[in-house]
Amino acid sequence: MVFYLLLLGFWILPDSFAEQPTELFCLDQEPNQKYDVIPPPKGSSIKATTTLTSRSNIIFSGPTRRIAMELPNSFLIIKDCDRIVIREWRLTYIPNPSFFGTVSEDQLDKDVLELSSGFAIPGLVQAVTGFNTVLKRFSNPDKYFHQRKVEVLPASDPKSYSLQGAPPLALRKNHTLAFRTTTYGPPVMQFVNCSNLILEDIIVEKAPGMGLHFKNCTNITLRRIRFPAPSDAPFSANADATHFRECRGLIQFENCSFERMGDDAINVHGTYGRLNGVINTNTFQYVTGRRDVDWPAPAAKAGDFVSIHHPTNPFGKPLVQGVVLSSQSGSDDKSLQITLDTPFTEDLPKDSVVWNQSTSPSLVVTKCKFLNNRARGILIQSSNARIEDNWFQGMTGPAIKVTCDVGRWWESGPSTNIVIRNNFISDCNDGPGSAQGAITVNADAPRLKPIAGVHRNIEISGNRIRDVGGMGIFVSSASGVRIFQNRLSTASPPFIHVTNSIDVVRRKNSVSVSADPGSAQGF
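Predicted, not measured: the structure shown is a model, and the values here were computed from it. (Residues numbered from 1 in each chain as written. Predicted model: local features only at pLDDT ≥ 70, side-chain atom pairs only at ≥ 80, totals over all residues. Heavy atoms only, no water.)

A. Spatial organisation of the overall build of the protein. Within the protein, the regular secondary structure consists of zero helices and 50 strands. Within the protein, the fraction of its 523 residues that count as buried is 56%. Residue pairs at least 24 apart in sequence account for 67% of intrachain contacts in the protein once pairs closer than 6 positions are excluded. Just so you have it, the protein exposes about 20700 Å², and 49% of that area is on carbon and sulfur atoms. (Helix = DSSP H or I, 4+ residues; strand = E, 2+ residues; numbered from the N terminus. Buried < 20%, exposed > 50% of the residue type's maximum accessible area, 1.4 Å probe, protein only. Contact = heavy atoms within 4.5 Å. Areas by Shrake-Rupley, 256 points an atom, 1.4 Å probe, with all protein chains shown as cover.)

Here is the structure:
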């Protein structure tokens, strides 16, 4: 038996959209069936979010044609589901959540920027970034510009605008800027507490925030996912293309392509908590690590392995660690109380760092392409990762960054068993997302001295790195580091740099410091 999703209220570009599009809804919610799609009428758009809850064994296929969502809605929210396949959707958003503007005249150290744009600019934009129209990437011809939350005021000319709230600039006439009306608008698809997900042959254009967002999900496969650079907007997604928070099991990417994200193409991480109370000898309460957000505490459930670290040594030896026996809501809806199988043998300082080591999924990324992102290609804050046979070009930050963070985002955790092998990396790490190297491994703990052994068992081998800002490879706070058979050109000396690390082996790497391939030196 086949159950149908009736899709009313679609907009098929380039037709104009209907004045009153209707919402997407299901005729039947029975589980264990394939959901086919009735082709939507032309001249309409989706104006509401579809939610699937507590379903299993569903194949959710699209019509392959381009379909438009109206802001501020997600296309799909899927919760508490198992064995879900989503394929063959091509999604975009209206109106454009990002747009171009051109500098009208030289702006030398002025705090008001005059520009023209073919788009109606809202009163407040969340981010402004320089854009090189020749290279089709995020940098101005002579200076990189990146600024958040500026006010845009209409000028006397209806197509002209004034940019206020920016620092003094040195922009020239005809420089192009890329505007984002939102940075963290609704994800195109959201998955919460789901398992065994397969997404394939999906195209996302002009996402207003993150593209595909996964929270507390287990085992996710993405094949042939594409975020192409739009022709009429700067960004394919205003934030991360794919984002995995507190997930488990295996996450794998095959033959995907990501172009012109507003942030990272792939970000995989857990979330640190911050201890705010001890209940008894083996029960404590904690909240999210970040102090500037009102998020609930990172999840933990019976059977998880959790460690607690001193706030002045968040990546060092734990004060206590053990298996979670039980978890429940704390004194408010933003805190969580968990009981460990191990009693506390010493006082636990307030604001100690809580790390759920079970939310550290494996990651495999192979044969994917990353092009001209405003930030990084892949951000790894997890363990058991293999990044192999991929192409990275035009990131303003590192192509690949392995880190853990108790400075800003509080994204965990230290990484173990990481293989970065046989990737091509070019023209990266030269903008606001830049770090020490085109491949960077470090631990982010502001005001705290780096220590060795935060990340363990790191292999960086067979990569070809050229024309990048900073060093080719930078490793800090690691142990068991193996760097071999990498080929570098036109990076900055020391080309490969390892610091605050132990058990390091470097061999058969080569660097060419000129256009003459015969000038390579080995180390």
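B. The pairing of strand S26 (residues 273-280), seen in detail. Bridge count between S26 and strand S27 (residues 283-288): six bridges; the pairing is antiparallel. In the sheet register, glycine 273 faces S27, and the bridge partner there is threonine 288. The loop that links S26 with its antiparallel partner S27 comprises two residues. As paired strands, S26 and strand S31 (residues 353-356) are joined by two bridges and run antiparallel to one another. Residue pairing for S31: glycine 273 is matched across the bridge by valine 354. (Pairing = 2+ DSSP bridges.)

C. The pairing of strand S28 (residues 305-309), seen in detail. Among the five residues in S28, four count as buried, and that is most of the element. Where S28 meets strand S29 (residues 320-329), four bridges bridge the pair, whose relative direction is antiparallel. By the bridge assignment, serine 307 is partnered in S29 with glutamine 321. Here four bridges tie S28 to S31, and the two strands are oriented antiparallel to one another. Across the sheet, the residue bridging to isoleucine 308 is valine 354, located in S31.

D. Structural detail: the side chain of arginine 260. Here arginine 260 is to be found in the loop between strand S24 (257-259) and strand S25 (266-271). Comment: no salt bridge for buried arginine 260; closest opposite-charge side chain is glutamate 259, at 5.0 Å. For arginine 260, the side chain forms a polar contact with the main-chain oxygen of proline 230, separated by 3.1 Å. A polar contact is formed between the side chain of arginine 260 and the backbone oxygen of alanine 233, at a distance of 2.9 Å. (Lys, Arg positive; Asp, Glu negative; His and termini not counted. Salt bridge = Lys/Arg side-chain N within 4 Å of Asp/Glu carboxyl O. Polar contact = N/O pair within 3.5 Å; in protein donor to acceptor, adjacent residues only side chain to side chain.)

E. Broad picture of the packing of aromatic side chains. All chains considered together, the criterion is met by 18 aromatic pairs. Centroid distance phenylalanine 258 to phenylalanine 370: 5.4 Å. Interplanar angle 20 degrees. Geometry classified as stacked. Of this pair, phenylalanine 258 sits in strand S24 while phenylalanine 370 sits in strand S33 (residues 369-371), and the two are 112 residues apart along the sequence. Look at phenylalanine 284 and tyrosine 286: their rings are 5.9 Å apart centre to centre, the planes differ by 40 degrees, and that puts the pair in the tilted class. For tyrosine 286, a relative accessible area of 2% translates into the label buried. Counting every residue linked through ring pairs, the aromatic cluster contains Phe191, Phe214, Phe227, Phe244, Phe253, Phe258, Phe370 and Phe392. Here the basic side chain of arginine 180 rests over the ring of phenylalanine 235, its NZ or CZ set 4.9 Å away from the ring centre. Above the plane of the ring of tryptophan 295 lies arginine 245, whose end atom (NZ or CZ) is 4.8 Å from the centre. (Phe/Tyr/Trp six-rings, centres within 6.5 Å; stacked < 30°, edge-to-face > 60°. Lys NZ or Arg CZ within 6 Å of the ring centre and 35° of its normal.)

F. Representation of the layout of surface pockets in the model. Computed from the structure, the largest pocket encloses a volume of approximately 1000 Å³. Within the residue set of the lining of the largest pocket, elements represented by two or more residues are strand S13 (146-154), strand S19 (212-215), strand S22 (242-245), S25 and strand S34 (378-381). By residue class, the composition of the lining of the largest pocket is 11 nonpolar, 14 polar and 15 charged. (1 Å grid on protein atoms, 1.4 Å probe; cavity = no way out; pocket = protein on both sides within 12 Å on 5 of 7 lines; lining within 4 Å. Points joined across faces, edges and corners; volume = space filled by probe spheres on them. Nonpolar A, V, L, I, M, F, W, Y, C, P; charged D, E, K, R; others polar.)

G. Main features of the pattern of salt bridges. What the rule picks out here adds up to 23 salt bridges. The partner of aspartate 263 in a salt bridge is arginine 376, and the shortest N-O contact between them spans 3.4 Å. Pair noted here: aspartate 263 is in the loop between S24 and S25 and arginine 376 is in the loop between S33 and S34, with a separation of 113 residues, a long-range link. One exposure class covers both aspartate 263 and arginine 376, and it is buried. Aspartate 389 is the partner of lysine 367 in a salt bridge, and the nearest nitrogen-oxygen pair spans 4.0 Å.

H. The side chain of asparagine 390, seen in detail. Take asparagine 390: it is sitting in the loop between strand S35 (385-388) and strand S36 (391-393). Side-chain polar atoms of asparagine 390 contact the backbone nitrogen of cysteine 368, separated by 2.8 Å. Here glutamate 388 takes part through its backbone oxygen, which lies 3.1 Å from a polar atom of the side chain of asparagine 390. Sequence-distant contacts of asparagine 390, defined by excluding residues within four places in its chain, comprise Val365, Thr366, Lys367, Cys368, Phe370, Asn422, Asn423 and Phe424.

Everything listed is a geometric property; what it means functionally is a separate question.
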